[in-house]
Amino acid sequence: MDIEAVKAELAARIAAIDVRAPYARPCELAPDIDAIRVIAHRSGMAPAVTVTHFLDSALSRGEHGALVHGWLAMLRDAVTSERQDVAAANTFAAACSVRLAA
């Protein structure tokens, strides 16, 4: 599967989670985030993998609703990023660290 097809699939999955997020408990969203992480990892999408780890931490802390929407927006940015290298992953990690600490 080419990278553009993977990005499209992941974007669709993120959109589906975003629709459910206001009504779902964090533990109900975690398996879907994990599925995105697995696909992103297999496809060499380092920024998306990084953001899914932080998003999982946020869900574990009990974040839900609008807070999850913000995390999903960051994940969408990571998925659609033109750069999928370690440096880009580090940039997303820094942004996630700031967000997680807030």
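Above this text you will find the structure in question.
Conventions we followed
The residue numbers shown here count from 1 along each chain, following its written sequence. With pLDDT at 70 or above as the cut-off, local features in this predicted model cover only qualifying residues; side-chain atom pairs require 80 or more to be listed or tallied, and sums for whole chains, interfaces and linings still use all residues. Note that water and hydrogens are dropped before the side-chain values are worked out from all heavy atoms of the structure. Helix and strand definitions here come from DSSP, where helices need a minimum of 4 consecutive H or I residues and strands a minimum of 2 consecutive E residues; each element is numbered from the N-terminal end. Exposure categories follow from relative accessible area, calculated using a 1.4 Å probe and restricted to protein chains: below 20% of the type maximum is buried, above 50% is exposed, and the middle band is partly exposed. Whether two residues are in contact is decided by their heavy atoms: any pair within 4.5 Å suffices. Working convention: axes come from line fits to C-alpha atoms, limited for helices to the stretch in contact. Angles between N-to-C directions cover 0 to 180 degrees. Angular relationships are summarised with four words: roughly parallel below 35 degrees, roughly antiparallel beyond 145, roughly perpendicular across 65 to 115, and oblique for the angles in between. Only one rule defines a salt bridge in this text: a Lys or Arg side-chain nitrogen within 4 Å of an Asp or Glu carboxyl oxygen. In this scheme the crossing of two helices becomes right-handed for a clockwise turn of the near helix relative to the far one and left-handed for an anticlockwise turn of less than a right angle. Amino acid classes used here: Ala, Val, Leu, Ile, Met, Phe, Trp, Tyr, Cys and Pro are nonpolar; Asp, Glu, Lys and Arg are charged; the rest, including Gly, are polar. As used in this record, nonpolar core signifies buried Ala, Val, Leu, Ile, Met, Phe, Trp, Tyr and Cys residues forming a set joined through side-chain atoms within 4.5 Å.

A closer look at the environment of R76
By the secondary structure assignment, R76 is in helix α4 (residues 66-80). Overall, R76 belongs to the partly exposed group, its relative accessible area being 27%. Taking the C-alpha atoms as reference points, R76 and A87, eleven residues apart in sequence, are found 18 Å from one another. Residues contacting R76, with those up to four places away along its chain left out, are I14 and D18.

Quick look at the packing of α4 against helix α5 (residues 86-101)
The interhelical angle for the contact between α4 and α5, taken along N-to-C directions, is 175 degrees, at an axis separation of 11 Å. The pairing of α4 with α5 is recorded here as roughly antiparallel in orientation. Each of L67, G70, W71, M74, D77 and A78 in α4 lies in contact with α5, whose residues at this interface are F92, A95, C96, R99 and L100.

A closer look at the pattern of salt bridges
When the charged atoms of two side chains lie near each other, side chains of opposite charge can form a pair. Applying the stated rule across the entire model yields seven salt bridges. For R76, the salt bridge identified is with D18, shortest N-O distance 3.4 Å. You can see R76 sitting in helix α4 and its partner D18 sitting in helix α1 (residues 3-20), a full 58 residues away along the chain. When its relative accessible area of 16% is taken as the criterion, D18 is described as buried.

Side note on the packing of helix α3 (residues 46-60) against α5
At a minimum axis separation of 8 Å, α3 and α5 run at an interaxial angle of 15 degrees. The orientation of α3 with respect to α5, classified from their angle, is roughly parallel. In this structure, α3 crosses over α5, and the sense of that crossing is right-handed. Packed against α3, whose contacting residues are A46, P47, T50, V51, F54, S57 and A58, the element α5 presents A88, A89, F92, A93, C96, S97 and L100 at the interface. Residues belonging to the contact of α3 with α5 are distributed by class as follows: eleven nonpolar, three polar and no charged.

Comments concerning the nonpolar core
The biggest cluster of nonpolar side chains holds 30 residues, and the ones touching the most others in it are L10, W71, L72 and L75. Those elements that provide at least two residues to this core are α1, α2 (26-42), α3, α4 and α5. Excluding residues within four positions of it along the chain, W71 makes contact with V51, F54, L55, A58, E63, C96, R99 and L100.

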